[in-house]
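# Observations on the model geometry
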Amino acid sequence: MKKITLKLFRYNPETDKKPHYDTFKMEVEPTDRVLDLMEKVKGYEDGTLSFRRSCAHGVCGSCSMRINGENMLACKTLVQDLGTNKITVEPMLGLTVLKDMIVDMKPFFIHYESVMPFFVNDEPDPAQERLQSIEDRERFDDTTKCIMCGACTTSCPSFWANEEYVGPAAIVNAHRFIFDSRDKAAAERLQILNDQFGVYRCRTIFNCTVACPRDIQITKAIGEVKKAIATGNLD
Amino acid sequence: MALNRKVSLFTGLKYKGGGPMWAWIMHRLSGLAMVFFVGGHIIAGFLTQQFGSEVGIAINTIYENWIFQLALFFLVIFHAVNGLRVVILDLWPALLEYQREAIWLQWLTFIPIYGLVLVVVLKDALGG
Ligand code: SF4
Ligand code: FES
């Protein structure tokens, strides 16, 4: 067992003008996840603590928060991974805070929708499946792993500065279709991202790549999209 | 009511972004500093030439000070090497996977160049 101090960002829109922090001391296992600590607080200390969680296994993307100053999934981060007894949990930056760790994800999803994150191919359906070579599938494998947690976009100083920036997550999901050999709308998506609030807001700061719980090479994906726009070539 | 999305400079700086985030911040600051250096240099030249002004001479004295020169070289060389890293990564996105190594390489390039500056400037300043 390990003694830790858990400091939680608190904001209740009904009573608070300003946010504050609540501190809890507890004994935990080094292999406990940050999400477990928050469940403990919610279950035994203060039932009003609000945060999003669903799968608790790092696949749904609900529990992304700022843990010790860095975006992570609370359900994937063990106490021992943090290497300290002081754990601070705060909501992600750059989105309005609705309550405690819960932020308004709407702007995030609007950007996601704007890049046409769906398969487009108006050619008549083939008799069987649309075939794709192993190499062609490999081309966009990395960006298929996104779970839409928002850790990348809300770690990006360009997004903090301007909400209109489409953000890394949307570009990752555009990349997933742009480089899919079966899809036919790459040109349209490149056009959407060829905008002052598109890929050019990326200043290669790399916070997104570091934050991504799926280890997606986000800045590389953005770089590939930038290059495709500049050269008009998908290779 | 909800809390405004605005991220203050202080909150932003507290985010643990690591090497590339600081490189980006320093790139911005050094870029801005260079605008002032060049601007100040032009103004000083103009004032001294046209009016033989004391202010121009005062600015030039600051520019010739060795501590100022060390700071100036630091910012200019940092800006150049960092800019080069970003340009190279932009041209060959495949290299973006090696961004950590790129930061190391950047300092490995910076140190000998700046070391040379240190030797030359300090020799001049201290050796007379
Ligand atoms: S790219 Fe990574 S960090 Fe960004 S939303 Fe997808 S899974 Fe989350
Ligand atoms: S709760 Fe689903 S990713 Fe953490």
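The name given to chain B in an unreviewed UniProt entry is Succinate dehydrogenase, cytochrome b556 subunit, and the organism recorded there is Candidatus Desulfolinea nitratireducens. Within the UniProt record for chain B, the comment given under Subcellular location (unreviewed entry) is "Membrane".

## Some words on helix α7 (residues 186-193) of chain A
All names here are of chain A. For α7, the set of buried residues is A186, R189, L190 and L193. One side of α7 carries all its buried residues, which in axial view fall inside an arc of 100 degrees. For α7, the exposed residues lying more than 90 degrees away from the buried face are A187 and Q191. On the buried face of α7, the contacting elements are α6 (168-178) and α9 (218-231).

## Quick notes on the pattern of salt bridges
One side chain can pair with another of opposite charge once the charged atoms of both are near each other. One pass over the full model with this rule turns up 18 salt bridges over all chains. Here E27 of chain A ties to K3 of chain A by a salt bridge, and the two come within 3.6 Å at their closest N and O atoms. A residue pair is termed long-range when its members are at least 10 positions apart, and E27 of chain A in strand β2 (residues 20-28) and K3 of chain A in strand β1 (residues 2-10) qualify at 24 residues. You can call E27 of chain A partly exposed: its relative accessible area is 41%. Residue K226 of chain A is joined to D90 of chain B by a salt bridge in which the shortest nitrogen-to-oxygen separation is 3.7 Å. Placement of K226 of chain A in helix α9 and of D90 of chain B in helix α4 (residues 66-91) is noted, with the two residues assigned to different chains. Overall, the relative accessible area of 32% leaves D90 of chain B in the partly exposed class. Through salt bridges that share partners, R10, D22, D46 and D100 of chain A make up one connected network.

Definitions and cut-offs
- Residues numbered from 1 in each chain as written.
- Chains lettered and ligands numbered in written order.
- Predicted model: local features only at pLDDT ≥ 70, side-chain atom pairs only at ≥ 80, totals over all residues.
- Heavy atoms only, no water.
- UniProt positions renumbered as here; feature names shortened; annotations may be inferred.
- Buried < 20%, exposed > 50% of the residue type's maximum accessible area, 1.4 Å probe, protein only.
- Helix = DSSP H or I, 4+ residues; strand = E, 2+ residues; numbered from the N terminus.
- Arc of directions from axis to C-beta.
- Contact = heavy atoms within 4.5 Å.
- Salt bridge = Lys/Arg side-chain N within 4 Å of Asp/Glu carboxyl O.

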